[in-house]
Each structure stands twice: as C-alpha cells, then as structure tokens.
Amino acid sequence: MDKIVISGGKPLRGDIHVSGAKNAALPILAATLLSKEDHILYGVPKLMDVETIQRLLCSMGADIKEEGDACLIRVKAIKSCEAPYESVKTMRAAILVLGPLLARCGEAHVSLPGGCAIGPRPIQMHLAGLEKMGAVISIEHGVIHAKARRLSGAHVYFDLPTVTGTENLMSAAVLAEGETVLDNAACEPEVVDLARFLNGCGARIHGAGTERITITGVSSLGGGSYRVMPDRIEAGTFMVAAAITRGELAILECDPAYLVSVIDKLQDTGATVTEGKDFMVVKGAPAHKKIRSVDIKTLPYPGFPTDMQAQMMALMAISDGLSVITETIFEGRFNHVAELRRMGAEIRLEGSHAFIKGVSSLSGAPVMASDLRASAALILAGLIAQGETDISRIYHLDRGYAKIEDKLSQVGASIQRVKEVI
Ligand code: EPZ
C-alpha cells in the first residue's frame, strides 16, 4: 500500500488546477443508463470512485472509452440490472444507479450500501421516494430488489435534504409518466450540474438548485456532450492549503460562486481571497499576523459544506484562540481529530461539537487516513507541521483527489507518495 510523506514548513506559491467534480461526475455517469444514445463527457476526474462506477456501468451493458479528456459512453442495451456488493461496499455512491436502472428497464437489484467511516448513511428516503413513484421494493439478504412497469410522477417530500437522494429521484423521474415534484430537495451545485446534463439530453427539469424541483417525464432521452463542473471541494481544499502555509495560490478552473461560505470563513481567519470568473487567488495571513479562530457549523448548501469541515479543522488547529466546529450532517465525521491530536493539536469533542484550542505549531508524526476528507486534513496539517508526517491508508484519498501530491509539489510542497513497506 502507498503512503504520503510530507516535510512541513514550506509556503505554497503558484498556480494550481482544479479537476472535474467527483460528486457531479458520479450521478452524471449513473444517469447515462437512462438513454441508449451516445454521450461525450468532458472533465470526468481520474479517480478511484469514477473507475468503480465505470466498471459497474460496463457490467450493466455500457460501452466506455476514454479519449484524452473525453469519456465516451453509450448504454445501447441493459444487460444486467445488478449492482453487486463488491461495487457498493467500496463506493456507497453506487446507489446512484438505482433510479436510472429502474426508469430504464423497470427493475434493479442493488446491494444495500452499508455505513462508512463518517456514519451509518441510511438511504430510506431514496427508497420511500421510488415507492411513491410506483416502485415495488423489497430488501432481502442485503440487496434492494426494485420493480416498476413504468414509474409514475409523484410529489415527494424529503425529511432531510439528501444530495444523492435528490439525484436518484430526479434521474428516475425523467422517464416517469407525468410530473414529479421533489420538495425539500438538496440545493447542492452538483444537483444542478446533473439537471443541466439531463436537460441537455432532452429531460424537462425545472428548479434544480432550489428546494423544489419539478420534473415532467419524457418517453425517451437523447445523448449529447457535456462538461462536468469543477470540483468545489478540491478548490476549497487548495484554498485552505494557501491559508495554512501562509502562501499564495492561484486556484484555476473553479467557480467562486459555489464557495461563498468557505471564502467568507477564510477571510475571517485573516486570509485574503481575490475572486475571478473562473479562478481565485488566495493569500495566507502574513507571518507576523496570527491566524484568527473562527466558528464553523456545517449545513446543507449554501451553508458551510460538511466536505470542508476536516480541512478547516486543520487550519483552526494552529489558529490564535478557541474555535468551535459543529458537524450537523454526519454523526461520525470527526475521525481526523485523533490523528490531528497525534500531531499536537488540542481538540476536545462533545457530541457534534469539536472545541479546538489553537497551538503555535504542529509536529510531524505517522498518522492514518480514515476517510476521504480526513485524508485531506492530514495532508494540510502535514504541510505546516515541524518535521516529517507519514500518512498511511491513502487509498481513502485516491477516491476523491486526482494526484494531489503532484499538484501540491508543483507549488512548492515537499510531498511524495512512497510504497509502504509492510
Ligand atoms: C453526498 O452524500 C456526497 N456524496 C457527500 O460527499 C457529502 O458529504 C454529502 O452529500 C452531504 O453534502 C456524493 O455526492 C457522492 P446526504 P449523500 O444523503 O448523498 C441523511 C465526499 O466526501 N440521510 O445528502 O450520501 C444522511 O445520513 C462525500 O465527497 C438519511 O437519513 O449525503 C445525512 O445525515 C462524503 N436518509 C444527511 O441525510 C437518507 O435516505 C445528508 O446525507 C439519505 C440521507
């Protein structure tokens, strides 16, 4: 297994490019199941999770070819309606094939996703919505069995805004009979990106990005070409990298409009953010100024994103004072705390609150990644820790960040990937 080794203390300076968004590419790839026409997708990031869903789609009958930055995909016919445990256990987002499969071929057999490091991750809202649309669903031996001659439009209210739940039902509703209304829908930009992709193929979706999405079913869907939006969480991670190393990074190919909450919080800590149409320049606080402590509360979009919580905690670990980070989305999203403590951070947990007392510096140490964004937090901490930080289990990192060590070393980080001798 690989590990990442970082020697801390170098301010990052230069241009850094953002890849396409993992959490937009996954639902868009799953939604190609809805049509038998050709799709050309640009900006699909080269990530483990993307490879996992592409393998799954091929097992269902998709033909996928990569040509440079283009991903050519066509699902002429569905040859299997199954998403086995092997695919789902490594990537919960495989549940995203459920809605499109059911809509395309009237049945789906998808392994029930288990929990993961950040929480139990239930999907009852996905299933309840599909049942409202006429699906007959049973769960046997850990597999969701869903059947529907043809889905019918329905009025679905989500108890909680669920990103993949909204995406699953929006995709299923595209081919349903009649109109579907999704209320209390997730407003994340990735939901909007999926809607744009589907409307480009002939779907009739209105209101994506708001709490009420209306979908008028069509009889079939066409193909087309589409560029996946840039990854706002990767961009946010690089923003924190500039702030924590007190460097200056031009973060290219990103949309600042999707990062308002992160920009606001980083400016409160003393960093400066200059916004362009498709870039940002982030400058860390000067060496003679303290990094100010700020409080963070994660919320559904447009609130502060839970996927940026761990990264901000790494910054707060060396801030000047006490900050409180409240995680309202996932029950178990503090796995990075124990590892940050190993590096000298002073963090106390009480339920969904983390109380961080900033320290003057962190010390490099061997640490272990536990989930995708926790891995990013450990890298950020390693960039400023005194001495060397070894991060193991970085397969978590590879699920959501394309070659992050190459991107960071190009702007001055002393970071490398090495084979871990067991
Ligand atoms: C998506 O997960 C993202 N993943 C997550 O990103 C992200 O953290 C999350 O949204 C929140 O923004 C993808 O898009 C592939 P939810 P998702 O359904 O859809 C509860 C990353 O790091 N809930 O919006 O699974 C749930 O337990 C990943 O890139 C139910 O109770 O999250 C949570 O508390 C991690 N029942 C809340 O809703 C349901 O049926 C929000 O979860 C569904 C969700």
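Placed above this text is the structure.
Residues numbered from 1 in each chain as written. Predicted model: local features only at pLDDT ≥ 70, side-chain atom pairs only at ≥ 80, totals over all residues. Heavy atoms only, no water.

Q: Explain the overall build of the protein residue by residue, including any values.
A: The number of helices and strands found in the protein is 14 helices and 24 strands. Computed over the C-alpha atoms, the radius of gyration of the protein is 21 Å, within 12% of the 22 Å expected from 2.2 N^0.38 for a compact globule of 422 residues. Total accessible area on the protein is roughly 16600 Å²; 52% of this is exposed by carbon and sulfur atoms. Between the centroid of the 44 positive side chains of the protein and the centroid of its 48 negative side chains there is a distance of 1 Å. (Helix = DSSP H or I, 4+ residues; strand = E, 2+ residues; numbered from the N terminus. Rg over C-alpha atoms; globule rule 2.2 N^0.38 Å. Areas by Shrake-Rupley, 256 points an atom, 1.4 Å probe, with all protein chains shown as cover. Lys, Arg positive; Asp, Glu negative; His and termini not counted. Charge placed at Lys NZ, Arg CZ, Asp CG, Glu CD.)

Q: Residues and numbers for a nonpolar patch on the surface, please.
A: Taken together, the side chains of Met1, Met48 and Tyr395 present a nonpolar region at the surface, about 290 Å² in accessible area. You can see Met1 is positioned in the segment before strand 1 (2–7). (Patch = residues over 30% accessible without salt bridge, like charges linked within 9 Å, V, L, I, M, F, W, Y side chains within 5 Å. Salt bridge = Lys/Arg side-chain N within 4 Å of Asp/Glu carboxyl O.)

Q: Explain helix 8 (residues 232–244) to me, using residue names and the numbers behind them.
A: Look at helix 8: 18 Å from first C-alpha to last across 13 residues, which is about the 18 Å you get at 1.5 Å a residue. Of the residues flanking the start of helix 8, the one acting as N-cap is Asp231, its side-chain oxygen 2.9 Å from the backbone nitrogen of Ile233. Residue Arg246 follows helix 8 closely and has a positive phi angle near 55°. (Expected span 1.5 Å × (residues − 1). Polar contact = N/O pair within 3.5 Å; in protein donor to acceptor, adjacent residues only side chain to side chain.)

Q: Residue-level account of the site of the ligand, with values.
A: Neighbouring residues of the ligand: 23 residues in total, closest Met125, Thr162, Thr164, Asp307 and Ile329. Interatomic distance of 3.0 Å between a side-chain N/O atom of Asn23 and an oxygen atom of the ligand. Taking Met125, its main chain carries an N or O atom lying 2.8 Å from an oxygen atom of the ligand. Against a free-state accessible area of 830 Å², the protein chains account for coverage of 89% of the ligand. Contributing elements (two or more residues each) for the shell around the ligand: helix 1 (22–31), helix 5 (124–132), helix 6 (163–173) and helix 12 (372–384). When residues of the shell around the ligand are assigned to their parent elements, the largest contribution, 3 residues, is made by helix 5. Classifying every residue of the shell around the ligand by side-chain character gives 11 nonpolar, 6 polar and 6 charged. Two domains each provide a minimum of three residues to the shell around the ligand, namely domain 1 (2–19 + 230–419) and domain 2 (22–227). (Near = heavy atom within 4 Å. Nonpolar A, V, L, I, M, F, W, Y, C, P; charged D, E, K, R; others polar. Domains from an automatic or database assignment.)

Q: Residue-level account of the pattern of salt bridges, with values.
A: Under the defined criterion, the tally for this structure stands at 18 salt bridges. The partner of Glu37 in a salt bridge is Lys36, with the nearest N and O atoms 4.0 Å apart. You can call Glu37 partly exposed: its relative accessible area is 35%. Among the ionic pairs, Glu350 bridges to Arg348, the shortest N-O distance being 2.3 Å. Given the relative accessible area of 43%, Arg348 is considered partly exposed. Each member of the salt-bridge network shares a partner with another, and the members are Asp2, Asp398, Glu405, Arg417 and Lys419. (Buried < 20%, exposed > 50% of the residue type's maximum accessible area, 1.4 Å probe, protein only.)

Q: Hey, could you go over the side chain of Thr245 for me, with residue numbers and the actual values?
A: By the secondary structure assignment, Thr245 is in the loop between helix 8 and strand 15 (248–252). Of note is the side chain of Thr245, whose polar atom sits 2.8 Å from the backbone oxygen of Ala241. Among the polar contacts made by the side chain of Thr245, one reaches the main-chain carbonyl oxygen of Ala242 at a distance of 3.5 Å. Filtering out sequence-adjacent residues up to four positions away, Thr245 remains in contact with Lys10, Pro11, Leu12, Leu383 and Ile384. (Contact = heavy atoms within 4.5 Å.)

Q: Help me get a handle on helix 4 (residues 98–105), residues and values and all.
A: Within helix 4, 6 of the 8 residues are buried, leaving the element largely enclosed by the surrounding structure. Those residues of helix 4 that fall on the buried side of the exposure criterion are Leu98, Gly99, Pro100, Leu101, Leu102 and Ala103. Against helix 1, helix 2 (48–60), strand 7 (107–111), helix 5, strand 9 (143–147) and helix 6 lie the buried residues of helix 4. Looking at the residues trailing helix 4, positive phi occurs at Gly106, about 80°.

Remember, this is a structural readout, not a statement about activity or role.
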